[in-house]
Amino acid sequence: MMYRFIVLCLALYFSFIEAENVTDNRPNILVILVDDMGIGDLSCYGNSLIKTPNIDSLAKEGIKFNRMYSQPVCTPSRAALLTGRLPVRNGFIQGSRELPVIVSPSQEAGFQKDEFTMQRFLKQHGYTTSLIGKWHLGMGGDGSYLPTNRGFDSFIGVPMVHIEPCSSYVKMNVNIFFGIAVNKYKWVISAFYLFILSLRVFDVIGRRGLFGVMILTALVVGIVQLFMHASAANPAACLYMRDEQILEQPYKDVNMTLRMTAEVLKTIENHSASEEPMFLHINYLTPHYPALVSHKFNGSSGLGPYYDSILELDWSIGLILKSLEKHHMKNNFIYFASDNGPAPLTGFSREILEPEHLGSTVYKDEKGKAHRLRGWKGSNYEGGIRMPGLIQWKGTLTNPGRIVNSITSQMDVFPTLVEILNADGKTHPEMDGESLLPIIKSTDIKQTTDDRIVFHYCSVNILGAVSYDRYKLHFANSTGNYTCSGNVFKQPVLYDVLSDPSESIELPLADNRQLLLDIYKLIERHEKTLPPIGERVSQLDTLLNPLKFPCSNFPYCTMESKVIDDFSNLRL
């Protein structure tokens, strides 16, 4: 009896030691996402205008991906990253209303309760989960779609997007947006009212009829204004929050990168003594137009706010990397990327603002040859969806400093973490991403290409393009307009993007019949995994509800800052 007891104790002891070792081997995970950065905006991708040494260090001591694909615009891209799935599967993509992103904090759209996400998965494996920065994946009238209700333990940042009304130096408000919209259709509106006046002049309608038209106009203007007040066009939609509490409405953007950096350093310090690993999702608001820059970095690049903000980002990431070293946190899986390509000038502002230099789609390969990608944000051309992508994992990566030219995707990060933690993949929903662990552990210095296929959608109904091996096959044109509706090609267009990243030389379809046959077979197999077109739903079509607009001080919806900014630990 005593013998059995001793054996049982020894078994429990060694199983405890084994479990402890597994726990100790779990890396801290930092997923760093910047907003609207071009692949050519970093010096590690060949930019000679500025130097980004801290971000470059991730490439020098890690892996640089030259064909890391994202979604063409913000909300779908962030959903794909956190689910490892195409947005067409969970509705984070435009539908009949052609809305590219969540447009209002009062819109009932976001991750559903049963959506399997990166943060939920990591919580199940003992991680503390924190989001600092931009969310843009739903808020809802009661806050049910906020990060803390969708798998994150803590959240501090903005639930929506940093656009013109949120900027301290671009003076815009709802009435300006309304004026721009009216100006866009001024000739149609003018023609309509001239027609009404002519009917009155010729006694076709009487005074009551004219009065009725005026009342109807006032009603329409009032309804439109009401909905615009509930949208991102309202400065009051520029919310700064901690968990589910509004701290500032509208927020002050100038020091936002400083705020985020301070919060990240505080989180790292708090976790340094913890036995639990951390998942830290850092979502910077910049360099998305209008770029926000603190006073210390204003003018630092000599190239305008956009590149000033990138220099500030690089400085911020440098402090984060130093903080990890300071607190002896050595086992860190770090992923850095942009959510999509750069925008030449975004939103309504292009009609009233002078354009500034925004984003580069020119990058240099390992031989020093420059390539200009075609298209911008919102496009399924390479410039819209091929982004800077870096992975660093010191102590685990073999041959650091490698450049990978294989097709990879933002959706690959989640499956990679699943494999790193030795989770049973069969327990997870079907993912469109593939684990990057074989690349991470590979000893092959020259990673080239393979027969991987990645699908690029325009909407829930339209497949815009596919990337396969060294090729790209386009079915519809989506150059910068966030949608392909009405632009479906009569026949597809084929490019060899490995030798022609600018997608300027069309390959003859007749000479590539077997290739096309292979691609169509893969598309057919893929479409069988999706709901039929008639059953696909876009969450972005959800109507916003003005009555549920978050308002800290009704009816003004303004709140002075409850944040005490302490940047004493940030050495500028």
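What counts and how
- Residues numbered from 1 in each chain as written.
- Predicted model: local features only at pLDDT ≥ 70, side-chain atom pairs only at ≥ 80, totals over all residues.
- Heavy atoms only, no water.
- Helix = DSSP H or I, 4+ residues; strand = E, 2+ residues; numbered from the N terminus.
- Areas by Shrake-Rupley, 256 points an atom, 1.4 Å probe, with all protein chains shown as cover.
- Core = buried A, V, L, I, M, F, W, Y, C linked by side-chain atoms within 4.5 Å.
- Buried < 20%, exposed > 50% of the residue type's maximum accessible area, 1.4 Å probe, protein only.
- Contact = heavy atoms within 4.5 Å.
- Disulfide = S-S within 2.5 Å.
- Patch = residues over 30% accessible without salt bridge, like charges linked within 9 Å, V, L, I, M, F, W, Y side chains within 5 Å.
- Salt bridge = Lys/Arg side-chain N within 4 Å of Asp/Glu carboxyl O.
- pLDDT = per-residue confidence, 0-100.
- Expected span 1.5 Å × (residues − 1).
- Pairing = 2+ DSSP bridges.

Enquirer: Which parts of the structure should I look at to understand the overall build of the protein chain?
Expert: Assigned secondary structure in the protein chain consists of 14 helices and 18 strands. Carbon and sulfur atoms make up 57% of the accessible area of the protein chain, which amounts to about 25800 Å² in all.

Enquirer: I would appreciate a short explanation of the nonpolar core in the present structure.
Expert: Soluble globular proteins tend to pack their nonpolar side chains together in the buried interior. If you look at the biggest cluster of nonpolar residues, it comprises 56 residues, and the most contacted ones within it are Ile-282, Tyr-284 and Phe-336. Where this core is concerned, the elements lending two or more residues are strand E1 (28-34), helix H2 (53-60), strand E4 (154-158), helix H9 (256-271), strand E7 (278-283), helix H10 (305-326) and strand E8 (332-338). The element that contributes the greatest number of residues to this core is H10, accounting for eleven residues. Those residues within four positions of Tyr-284 in sequence are excluded, and the remaining contacts are Ile-32, Leu-33, Val-34, Asp-35, Thr-257, Met-260, Leu-313, Ser-316, Ile-317 and Ile-320. Counting 54 residues, the second-largest nonpolar core is a separate cluster that includes Met-118, Leu-131, Met-139 and Phe-152.

Enquirer: Sorry if this is basic, but what is going on with unusual backbone geometry here?
Expert: Where the residue is not glycine, phi is negative for most of them; where a peptide bond is considered, it is trans in most cases. Across the junction of Thr-286 and Pro-287, the peptide omega takes the value 5 degrees, indicating a cis bond. As for its position among the elements, Pro-287 is in the loop between E7 and H10. The omega torsion of the bond from Tyr-289 to Pro-290 falls at -5 degrees, within 30 degrees of zero and hence cis. Among the structural elements, Pro-290 can be located in the loop between E7 and H10. Backbone geometry places His-136, a non-glycine residue, at a positive phi of 60 degrees. Considering the arrangement of structural elements, one finds His-136 in the loop between strand E3 (128-134) and E4. Even without glycine at this site, Glu-503 takes up a positive phi of about 50 degrees. Looking at where Glu-503 falls in the secondary structure, it is placed in the loop between strand E18 (488-496) and helix H14 (513-527).

Enquirer: What is the right way to read the state of the cysteines from this model?
Expert: Defined simply, a disulfide is a covalent bond joining two cysteines at their sulfur atoms. Evaluation of the coordinates by the stated rule reveals three disulfides. Here Cys-458 pairs with Cys-484 through a disulfide, and the sulfurs are 1.9 Å apart. Measuring handedness by torsion sign, the sulfur bridge of Cys-458 and Cys-484 sits at about -55 degrees and is left-handed. Residue Cys-458 is located in the loop between strand E15 (453-457) and strand E16 (463-468), and its partner Cys-484 is located in the loop between strand E17 (471-476) and E18; the two are separated by 26 residues in the primary sequence. Relative accessible area serves as the criterion here: at 3%, Cys-458 is assigned to the buried category.

Enquirer: Mind showing me how you'd approach a nonpolar patch on the surface here?
Expert: A cluster of nonpolar residues, Leu-216, Leu-219, Val-220, Ile-223, Val-224, Leu-226 and Phe-227, forms a patch on the protein surface that exposes about 600 Å² of accessible area. Mapped onto the secondary structure, Val-220 falls in helix H8 (residues 207-229).

Enquirer: Just checking my understanding: could you explain the confidence of the model for the protein chain for this structure?
Expert: Regions with low pLDDT carry predicted coordinates that are not meant to be interpreted in detail. Averaged over all residues, the pLDDT of the protein chain is 87; the fraction at 70 or higher stands at 89%. The low-confidence segment residues 346-355 (pLDDT under 50) makes 20 contacts with residues lying over four places distant or belonging to another chain.

Enquirer: Just to check I follow, could you spell out H9 for this structure?
Expert: Along an α-helix, residues three or four positions apart point the same way, because every turn accommodates 3.6 residues. For H9, with 16 residues, the first-to-last C-alpha span of 23 Å sits near the 22 Å given by 1.5 Å per residue. Counting buried positions over the 16 residues of H9 gives 13, a clear majority of the element.

Enquirer: Quick question: what am I supposed to make of the side chain of Ser-323 here?
Expert: Its location among the elements puts Ser-323 in helix H10. Relative accessible area serves as the criterion here: at 8%, Ser-323 is assigned to the buried category. Discounting chain neighbours no more than four positions away, the residues touching Ser-323 are Leu-265 and Ile-268.

Enquirer: Which parts of the structure should I look at to understand the pairing of E15?
Expert: Remark: a regular strand shows side chains that alternate across the two faces of the sheet. With respect to burial, E15 is a largely interior element, five of its five residues being buried. A two-sided burial pattern is seen for E15, the buried positions comprising Ile-453, Phe-455 and Tyr-457 on one face and Val-454 and His-456 on the other. Bridge count between E15 and E16: five bridges; the pairing is antiparallel. Considered in E16, the bridge of His-456 is made with Ala-465.

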